[in-house]
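# Per-entry structural report
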Amino acid sequence: MNELTHDTTQQRDDAAQSSEQAGHVDRRQATRQLFALALPTFGQLIAEPAFVLIDTAIVGHIGDAALAGLSIGSTIILTTVGLCVFLAYGTTSSVAQLIGAGKRREGLEAGIDGLWLALAIGLLVSVALFAAARPLCWAMGARDAVLDNATAYLQAIVFGLPGMLLVYAANGIFRGLSKVNITFVAAVAGAVVNTALDVLFVFGLHWGVAGSGAATLIAQWFMGLFLVVPALLWARADGASWRPRLAGILGTASDGVPLFIRTLALRASLVATVVLAARMGTQVLAAYQAVNSSWNFVLNMLDAIGIAGQTLVATQIGAGRHNRAHAMTSIASRSGLFAGAVIGVGLAVAGLAATGLFSPSSEVQHLIMVGMLVQGAFLPLAGWMWALDGILIGAEDYRYLALTCTITALAYLAALGGVNALDGAIDLSDAWRMAILWGVLNLVFIGLRALFNGLRVRSNVWME
């Protein structure tokens, strides 16, 4: 079986090389290759957002304060996980480029370095977050019952963080190897486990919002073990060592610094959005959580295209086939735009028909509808931007992304300050607050990143 796979891969590489030399790229075949990776990649990407979406749908029926508390607690945990996204993105790029250069064993060992780093970071950060849970939730604007619920959720879920970071690092290995089907299976299985335990703990055992966090913790570790074990076995089969290599771990951490800065800037922006929503009242914050969890879920459909493009482009760059890298960039960005348009319609329809899934409150349901409609209208822009973002990460253009995302964050924070001042000067309705909040996020936070990414890929600098 391995020989057959090797022969098939070699034939594809030979065909790609001939195509490169002839200056011709089969766009239809490349598009099929992109979506063959994107569909299962989406499955694994939705793990953490799916957990939060499930938690949101269930906790929303406890009450507005519980849902608002979930918004605060989940934002902290998602921010922490998001800051460690370099464990997946950096590993994907390293593994794919090394494999593209014919260095398979070295690529797998780079992936194992990522696993060790993920475990160390996860354990240290979990302890710190558990100890600081209540002050952090208070700093984000949670008060009274909302503060109690936010703290309970965060402390219940936080020790699942090492498991989720192992998932990120293992996904980097599988993406680099273009073995993403197993990640899809893991995500589906994790969602099933999370949903079953959520219902049991929240409605059966009456543990409230803490039960939702505990269910997610178990699902995170389930997924972590589900993926790490086969990753290690496949690496050993190719002669890769499992032992921790300090130089490799430090190298992975060092390569991830610009990605960390990039993500820190973006996450700071999203945290500031939650803080502003909290200032606008419990119902706005509760509705924001429902829209945000839905947005994060569908964004992963778009991110799947970006990561598929990231894998393919990184492989072409590693093999020195820059023409094909440019062609894949064009295909991926257009696919992201088209997917954003289609998914945006679905999100708008969900906003009109499915708000009752998140809250029994008619006021909150109306605010959710407003937010969903705004998000659906802007999703094509997000799809185009996310595809280019993934490709630039695949090209390891980390410093440019760190710089432009920092500029974007500064501009966005200033825009949020303006929204806060406007809300203080004018007695806006909650519906207008929701519309302005999500409109500014898309026009500034997404729009500026789209502009910077689009300008970058027009040149060859990002591949050098």
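Just so we're clear, the structure is a prediction, and the values are computed from it rather than from any experiment.

## Considerations on the side chain of Asp389
- By the secondary structure assignment, Asp389 is in helix 15 (residues 362-394).
- In contact with Asp389, not counting residues within four places along its chain, are Arg262, Leu401, Arg449 and Asn453.

## Observations regarding the pattern of salt bridges
- A complete count under the given rule lists six salt bridges for this structure.
- In this structure, Asp148 and Arg134 form a salt bridge, with 3.0 Å as the shortest nitrogen-oxygen distance. Of this pair, Asp148 sits in helix 8 (residues 144-157) while Arg134 sits in helix 7 (residues 133-139), and the two are 14 residues apart along the sequence.
- Given a relative accessible area of 42%, Asp148 falls into the partly exposed group.
- The partly exposed category is assigned to Arg134, whose relative accessible area is 39%.
- The partner of Asp423 in a salt bridge is Arg433, and the shortest N-O contact between them spans 2.8 Å. Of this pair, Asp423 sits in helix 16 (residues 398-425) while Arg433 sits in helix 17 (residues 430-456); the two residues are ten residues apart in sequence, bridging distant segments of the chain.
- Through salt bridges with shared partners, a single ionic network connects Arg262, Asp389 and Arg449.

## Thoughts on the packing of helix 13 (residues 282-318) against helix 15
- Contact geometry of helix 13 with helix 15 gives a least axis separation of 8 Å together with a crossing angle of 20°. By the angle between their directions, the pair helix 13 and helix 15 is classed as roughly parallel. The chirality of how helix 13 crosses helix 15 is right-handed.
- When the residues that make up the contact of helix 13 with helix 15 are grouped by side-chain class, the tally is 22 nonpolar, ten polar and two charged.

## Brief notes about the environment of Arg134
- Remark: the alpha-carbon pair of Arg134 and Gly73, spanning 61 residues in sequence, is separated by 9.6 Å.
- In this structure Arg134 touches Leu147, Asp148 and Thr151, once residues within four positions along its chain are discounted.

## Side note on the packing of helix 4 (residues 64-83) against helix 13
- One way to put it is that helix 4 packs onto helix 13 with a least axis distance of 8 Å and a crossing angle of 50°. Considered as vectors, helix 4 and helix 13 are oriented oblique to each other. Handedness of the crossing formed by helix 4 with helix 13: left-handed. For the pair helix 4 and helix 13, contact is made by Asp64, Leu67, Ala68, Leu70, Ser71, Ile72, Ser74 and Leu78 and by Thr282, Gln283, Leu285, Ala286, Tyr288, Gln289 and Asn296, respectively.
- Of the residues belonging to the contact of helix 4 with helix 13, the class tally is eight nonpolar, six polar and one charged.

## Notes on empty space enclosed by the protein
- For the structure on display, the rule yields two cavities of 30 Å³ or more.
- Here the second largest cavity is characterised by a volume of approximately 80 Å³.
- For the second largest cavity, the full set of lining residues is Ser74, Thr75, Leu78, Thr79, Arg267, Leu270, Val274, Tyr288, Asn292 and Asn296.
- The dominant element in the lining of the second largest cavity, judged by the number of residues it contributes, is helix 4, at four residues.
- In the lining of the second largest cavity, the residues fall into four nonpolar, five polar and one charged.
- Summarising the domain contributions, the lining of the second largest cavity has at least three residues from each of domain 1 (27-244) and domain 2 (255-463).

## Quick look at unusual backbone geometry
- The backbone phi angle of Asp144 is positive, close to 55°, even though this residue is not glycine.
- Within the secondary structure, Asp144 is located in helix 8.
- For Asp144, a relative accessible area of 64% translates into the label exposed.
- Of note, His206 is a non-glycine position whose phi angle comes to about 60°, a positive value.
- Mapped onto the elements of the fold, His206 is located in the loop between helix 10 (181-204) and helix 11 (209-237).
- Classification of His206 by relative accessible area gives exposed; the value is 63%.

## With respect to the nonpolar core
- If you look at the biggest cluster of nonpolar residues, it comprises 125 residues, and the most contacted ones within it are Ile72 and Trp462.
- Broken down by element, the residue count for this core peaks at 17 residues, all from helix 13.
- Composition of this core by domain shows at least three residues from each of domain 1 (27-244) and domain 2 (255-463).

## What about the environment of Val313?
- Along the polypeptide, Val313 turns up in helix 13.
- Separated by 15 residues in sequence, Val313 and Met328 place their C-alpha atoms 6.4 Å apart.
- Sequence-distant contacts of Val313, that is, excluding residues within four places in its chain, are made with Ala325, Met328, Thr329, Ile391 and Trp462.

## Details of the packing of aromatic side chains
- Enumeration over the complete set of coordinates arrives at six aromatic pairs.
- Taking 5.0 Å as the distance between ring centres and 15° as the angle between the ring planes, the aromatic pair formed by Tyr288 and Trp438 counts as stacked. Of the two residues, Tyr288 sits in helix 13 while Trp438 sits in helix 17, which places them 150 residues apart along the sequence. Neither Tyr288 nor Trp438 differs from the other in exposure class; each is buried.
- Ring pairs connect the aromatic residues Tyr288, Trp295 and Trp438, which therefore count as one cluster.
- The side chain of Arg143 reaches across the aromatic face of Trp138, ending 4.0 Å from its centre.
- One residue, Arg456, lies across the ring of Tyr400, its end atom 4.1 Å from the ring centre.

Conventions adopted
Residues numbered from 1 in each chain as written. Predicted model: local features only at pLDDT ≥ 70, side-chain atom pairs only at ≥ 80, totals over all residues. Heavy atoms only, no water. Helix = DSSP H or I, 4+ residues; strand = E, 2+ residues; numbered from the N terminus. Contact = heavy atoms within 4.5 Å. Salt bridge = Lys/Arg side-chain N within 4 Å of Asp/Glu carboxyl O. Buried < 20%, exposed > 50% of the residue type's maximum accessible area, 1.4 Å probe, protein only. Axes fitted to C-alpha atoms, helices over the stretch in contact; angles between N-to-C directions. Parallel < 35°, antiparallel > 145°, perpendicular 65-115°, else oblique. Left-handed = near helix turned anticlockwise from the far one by under 90°. Nonpolar A, V, L, I, M, F, W, Y, C, P; charged D, E, K, R; others polar. 1 Å grid on protein atoms, 1.4 Å probe; cavity = no way out; pocket = protein on both sides within 12 Å on 5 of 7 lines; lining within 4 Å. Points joined across faces, edges and corners; volume = space filled by probe spheres on them. Domains from an automatic or database assignment. Core = buried A, V, L, I, M, F, W, Y, C linked by side-chain atoms within 4.5 Å. Phe/Tyr/Trp six-rings, centres within 6.5 Å; stacked < 30°, edge-to-face > 60°. Lys NZ or Arg CZ within 6 Å of the ring centre and 35° of its normal.

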